[in-house]
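Understanding the architecture of this molecule
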Amino acid sequence: MSTPRTVRAPRGTQISCKSWLQEAALRMLMNNLDPEVAEKPEELIIYGGRGKAARNWEAFDAIVASLRRLENDETLLIQSGKPVGIFKTHPDAPRVLLANSNIVPAWATQDNFDKWERQGLIMFGQMTAGSWIYIGTQGILQGTYETLGSLAQQKGWGSLKGRFVLSAGLGGMGGAQPLAVTMNQGVALIVEDALKKGEPKSIGLIGNAADVYPELVVRGVIPDVVTDQTPAHDPLMYVPNGMNVDEAAELRQRDPVGYQAHSMQAMARHVEAMLTFQRKGSVVFDYGNNLRQRAFDAGVKNAFDYPGFVPAYIRPLFCEGKGPFRWVALSGDPKDLYRTDEAILELFPENEPLARWIRMAQKQVAFQGLPARICWLGYGERARAGLKFNELVAAGEISAPIVIGRDHLDAGSVASPRRETEGMRDGSDAIADWPLLNALVNAVNGATWVSIHHGGGVGIGYSIHAGQVIVADGTPEAAKRLERVLTSDPGTGVMRHVDAGYPEAIEFAKKHEIKIPMI
């Protein structure tokens, strides 16, 4: 029986697979489990409650063995973290196809998922855990920075300077919040059930949001901005108030049904306080963890009186195919990553916010695992960046290939009515054809691995989403794949918003001659 062990991705230019495409998948799977990256690597949990990279250690070992023997014209199929088949395809096909947590809709309940997980039949892939492209805190940091920056601009503040931001949760996702606030020049108070290292000009408070938020209301402390990133998507991972972390862990194991009842009531109290802050003048928004839905289910009928972050701050970017573009230096050499930083600055000299982000990230963001970077790029920009990276690898300016991926939170890759597709203009919030089309076009265009997941971000029953990762290995064949994938991938985001009737998306599609038949 395979057992837990410390896992780190190989570095350097020597590979153990039959090409860099398989080696990239292998290194990124292992990088997800690096102790610098994963929350609970011994349990294969990467982030977001129960988001895993492989179903169990036996499956992990089988995936590694499969990747090492995978031919350059074969494709490995992964079913919820378990390798289930290898088939002859062709060199331009994905080397890996992954499906995680997907359940027939009428059966897609948390109770069913929990039952099948206990039986060893399924695992929760979150978004980038089960698709092997998680890069640690930086992965969400830039999106949080963009969201808070957009909020400040909308309010006419310019930045968060002199503003007080209250939030909760300091896990794999929420841990980005303190730095994102301070990078926007604000002051953060983050409530957490465990002691975390504080960042300059941010304050970590050991406590429970379901207690602290109401107490601040009672004391008349009204923040400028209020949000939350506790794991509300998974009632078994949200810590109820009235108990400490150890007591919660014991109850979770002994009585999971009773635990969830406690956590649902705590979430209701949590949201009621946020609604009070809103009535008293705070800017309050949901940060995509399904907290409002949980509170609504627990009896807070006006839980949706405050908006989600995508309709409030991000959707105009989605209309132009903009979203989180991330990349990783497979060599492990920071010099390679810094060369890509310079390439981005050279490609987009007119984009001052992008340049400011890259320079701040270089100074303030420590690498976790393999050196990685993220920035938000749109339609046209992603293909230019990918082709440039490929040229740098071909020229030897970068010592090994670059992996290019993204979050599943992107313009055209998610159906999530409580997050990315909340409040769509045409009411199509819950229609899930769009992420499936995104995955299909990325697969036929030659992404190195493609994934379709269920429940990421907001929990079982609430989302369907797709991911793609592609390798720039310096070859002419890679250049063709990169141009195809990095054009169609953000292009599906523009397409999706054109179809929903957004004027800015329609204008963008016409300007860039994106072929949309019924425009």
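Residues numbered from 1 in each chain as written. Predicted model: local features only at pLDDT ≥ 70, side-chain atom pairs only at ≥ 80, totals over all residues. Heavy atoms only, no water.

1. What about the overall build of the chain?
Secondary structure summary: the chain contains 16 helices and 16 strands in total. Relative to a compact globule of 519 residues, whose C-alpha radius of gyration would be 24 Å, the chain shows 22 Å and is just as compact. The C-alpha extent of the chain, read off along each of the three principal axes, is 65 × 55 × 45 Å. Residue burial in the chain is summarised as follows: out of 519 residues, 61% are buried. The contacts in the chain between residues at least 6 apart in sequence include a share of 68% that link residues at least 24 apart. (Helix = DSSP H or I, 4+ residues; strand = E, 2+ residues; numbered from the N terminus. Rg over C-alpha atoms; globule rule 2.2 N^0.38 Å. Buried < 20%, exposed > 50% of the residue type's maximum accessible area, 1.4 Å probe, protein only. Contact = heavy atoms within 4.5 Å.)

2. Describing the nonpolar core
Judged by nonpolar contacts, the single largest core of 111 residues is most densely connected at F60, W132 and I404. Element by element, the count of residues in this core is highest for helix α1 (residues 20-32), at eight residues. Counting 28 residues, the second-largest nonpolar core is a separate cluster that includes A273, L275, F277 and V284. (Core = buried A, V, L, I, M, F, W, Y, C linked by side-chain atoms within 4.5 Å.)

3. Digging into the sheet that holds strand β8 (residues 202-206)
Spatially, five strands are ordered β8-β7-β6-β9-β10 in an open sheet, and the strand pairing comes out parallel. Lying at the two open borders of the sheet, with one neighbouring strand each, are β8 and β10 (283-284). Inspection of the sheet shows strand β7 (residues 187-192) paired to β8 by five bridges, in the parallel sense. When the bridges of β8 are listed, A188 appears paired with S202. (Pairing = 2+ DSSP bridges.)

4. Things to note about unusual backbone geometry
Phi at S101 takes a positive value of approximately 70°, unusual for a residue other than glycine. Looking at where S101 falls in the secondary structure, it is placed in the loop between β5 (96-100) and α3 (110-118). In this model, W132 sits at a positive phi of 60°, which is unusual for a non-glycine residue. Here W132 lies in the loop between α3 and α4 (138-154).

5. So, the pairing of strand β6 (residues 164-168)
For β6, the tally of buried residues reaches four of five residues, placing the bulk of the element in the interior. With five bridges connecting them, β6 and β7 associate as parallel partners. Along β7, the bridge assignment pairs V165 with A188. Taken together, β6, helix α5 (residues 177-183) and β7 constitute a β-α-β crossover, and its handedness is right-handed. Relative to strand β9 (residues 225-226), β6 runs parallel, the two sharing two bridges. When the bridges of β9 are listed, V165 appears paired with V225. (Right-handed = clockwise from strand over helix to strand, strands pointing away.)

6. A word on the packing of aromatic side chains
Counted according to the given criterion, the structure contains 15 aromatic pairs. Relative to F367, the ring of Y338 has its centre 5.8 Å away and its plane inclined at 40°; by these criteria the two rings are tilted. Here the residue Y338 occupies a position in helix α11 (residues 334-347), and F367 occupies one in the loop between α12 (352-364) and β12 (372-377), the gap between them amounting to 29 residues. In this structure Y338 comes out as partly exposed when scored by relative accessible area, which is 35%. With a centroid separation of 6.2 Å and an interplanar angle of 85°, the aromatic rings of Y379 and F508 are classed as edge-to-face. Within this pair, whereas Y379 is found in the loop between β12 and α13 (381-394), its partner F508 is found in helix α16 (residues 503-511), the two being separated by 129 residues in sequence. Here the two residues Y379 and F508 agree in accessibility, since each one is buried. What links up through ring pairs into an aromatic cluster is the set F285, Y287, F309 and Y313. (Phe/Tyr/Trp six-rings, centres within 6.5 Å; stacked < 30°, edge-to-face > 60°.)

7. Describing the pattern of salt bridges
Considering all chains together, one arrives at 24 salt bridges under this definition. D224 is the partner of R163 in a salt bridge, and the nearest nitrogen-oxygen pair spans 3.7 Å. Within this pair, whereas R163 is found in the loop between α4 and β6, its partner D224 is found in the loop between α6 (209-219) and β9, the two being separated by 61 residues in sequence. Look at the salt bridges and you will find they share partners, linking R50, D114, E117 and D234 into a network. (Salt bridge = Lys/Arg side-chain N within 4 Å of Asp/Glu carboxyl O.)

8. Points about the environment of L189
Position of L189 relative to the elements: it lies in strand β7. Residue class for L189 comes out buried when judged on its relative accessible area of 13%. For the pair formed by L189 and V393, sequence separation is 204 residues and the distance between their alpha carbons is 43 Å. Every residue in contact with L189, bar those within four places of it in the chain, is listed here: F164, V165, L166, S167, I203, L205 and L216.

9. What about the side chain of T230?
With respect to the helices and strands, the residue T230 is situated in the loop between β9 and α7 (245-254). In this structure T230 comes out as buried when scored by relative accessible area, which is 12%. Polar contacts involving the side chain of T230 include one to the side chain of D228, which spans 2.8 Å. Filtering out sequence-adjacent residues up to four positions away, T230 remains in contact with A168, G169, Y238, H270 and N289. (Polar contact = N/O pair within 3.5 Å; in protein donor to acceptor, adjacent residues only side chain to side chain.)

10. Things to note about the side chain of S263
Structurally, S263 can be placed in helix α8 (residues 256-279). Residue classification places S263 among the buried residues on the basis of a relative accessible area of 0%. Only 3.2 Å separates the side chain of S263 from the backbone oxygen of Q260, close enough to count as a polar contact. Here S263 is in contact with P235, Y238 and P240, once residues within four sequence places are set aside.

11. What about the packing of helix α14 (residues 433-445) against helix α15 (residues 476-499)?
For the pair α14 and α15, the least separation of the axes is 9 Å and the interaxial angle reads 160°. Relative to α15, the element α14 lies roughly antiparallel. Of the two possible hands of crossing, α14 and α15 adopt the one that is right-handed. On α15, the residues touching W434, N438, V441, N442 and N445 of α14 are R481, R484, V485, S488, D489, T492, M495, R496 and D499. Among the residues forming the contact of α14 with α15, the class breakdown is four nonpolar, five polar and five charged. (Axes fitted to C-alpha atoms, helices over the stretch in contact; angles between N-to-C directions. Parallel < 35°, antiparallel > 145°, perpendicular 65-115°, else oblique. Left-handed = near helix turned anticlockwise from the far one by under 90°. Nonpolar A, V, L, I, M, F, W, Y, C, P; charged D, E, K, R; others polar.)

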